[in-house]
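Close look at the chain arrangement
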Amino acid sequence: KAGVTQTPRYLIKTRGQQVTLSCSPISGHRSVSWYQQTPGQGLQFLFEYFSETQRNKGNFPGRFSGRQFSNSRSEMNVSTLELGDSALYLCASKGGGTYNEQFFGPGTRLTVL
Amino acid sequence: GENVEQHPSTLSVQEGDSAVIKCTYSDSASNYFPWYKQELGKGPQLIIDIRSNVGEKKDQRIAVTLNKTAKHFSLHITETQPEDSAVYFCAAIARAGSYQLTFGKGTKLSVIP
């Protein structure tokens, strides 16, 4: 079974621009969560989508948004980029039922200049 | 909300020795505790997890123990090998009914050949 894929792997943007990151979960998984990883703050939860609906949201400003499509692929968007948005953005895929196992993709490394 | 503390932040061991990483959590309602291994340039990889109705779980050279009363859980790696060198993260589900993971700050494990 193919793992979680994220595109692009690397991205360089300048302040004020916006960016869209993509995540394709493991086949059959309907839940996708996004996390931001920085050296200072560690891994922080952004939001979770299930069946095209946002089910949970972390403590990030409204500049961070996401969506999920009917094929479970998810995108996250960051508008008006700030230097502090430079981070590794990780997506995690979760299967159904009561199992909580979440599997991460390789991440998208975003650098804001 | 949930808070997860992880110690130590760095750990160096000789090849063949054991390594122990400890985490504490704050929310007594947390019921799922995964451990992830992250190698340079990769996303976190789920290596073992434990649910709150179990006190210990083993998988070959790795084991996790959970003390619900004290709200702490630990990762034990025996017979360490150079390929065990990585950053290890503990996590806990933030609240019952949620799949949001709250992570510890990570432990950089170095196995010296």
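Just so it is clear, the model here is predicted, and its values are computed rather than measured.

Considerations on the interface of chain A and chain B
With 23 residues of chain A at the contact, the number on the chain B side is 18 residues. Where chain A abuts chain B, roughly 1,700 Å² becomes buried across the two surfaces, and 50% of that area is made up of carbon and sulfur atoms. Salt-bridge contacts for Glu101(A) lead to Arg51(B); the nearest nitrogen and oxygen are separated by 3.4 Å. There are eight residue pairs in polar contact (both at pLDDT 80 or more) connecting chain A and chain B. Elements with a minimum of two residues in the side of chain A that touches chain B: strand E4 (31-38), strand E5 (42-50), strand E6 (53-57), strand E9 (87-94) and strand E10 (102-104) of chain A. By residue number, the principal contributor to the side of chain A that touches chain B is E5(A), which donates four residues. Looking at the side of chain A that touches chain B residue by residue, the class counts come to nine nonpolar, nine polar and five charged.

Remarks on the side chain of Glu2(B)
Residues and elements named next belong to chain B. Among the secondary structure elements, Glu 2 is positioned in the segment before strand E1 (4-7). We note that Glu 2 is buried and unpaired, the nearest opposite charge coming from Lys 71 at a distance of 7.5 Å. A distance of 2.8 Å separates a polar side-chain atom of Glu 2 from the backbone nitrogen of Ser 26. At a separation of 3.0 Å, a polar atom in the side chain of Glu 2 contacts the main-chain amide nitrogen of Asp 27.

Reading guide: rules and limits
Residues numbered from 1 in each chain as written. Chains lettered and ligands numbered in written order. Predicted model: local features only at pLDDT ≥ 70, side-chain atom pairs only at ≥ 80, totals over all residues. Heavy atoms only, no water. Contact = heavy atoms within 4.5 Å. Buried area = accessible area lost by both parts, 1.4 Å probe. Salt bridge = Lys/Arg side-chain N within 4 Å of Asp/Glu carboxyl O. Polar contact = N/O pair within 3.5 Å; in protein donor to acceptor, adjacent residues only side chain to side chain. Helix = DSSP H or I, 4+ residues; strand = E, 2+ residues; numbered from the N terminus. Nonpolar A, V, L, I, M, F, W, Y, C, P; charged D, E, K, R; others polar. Buried < 20%, exposed > 50% of the residue type's maximum accessible area, 1.4 Å probe, protein only. Lys, Arg positive; Asp, Glu negative; His and termini not counted.

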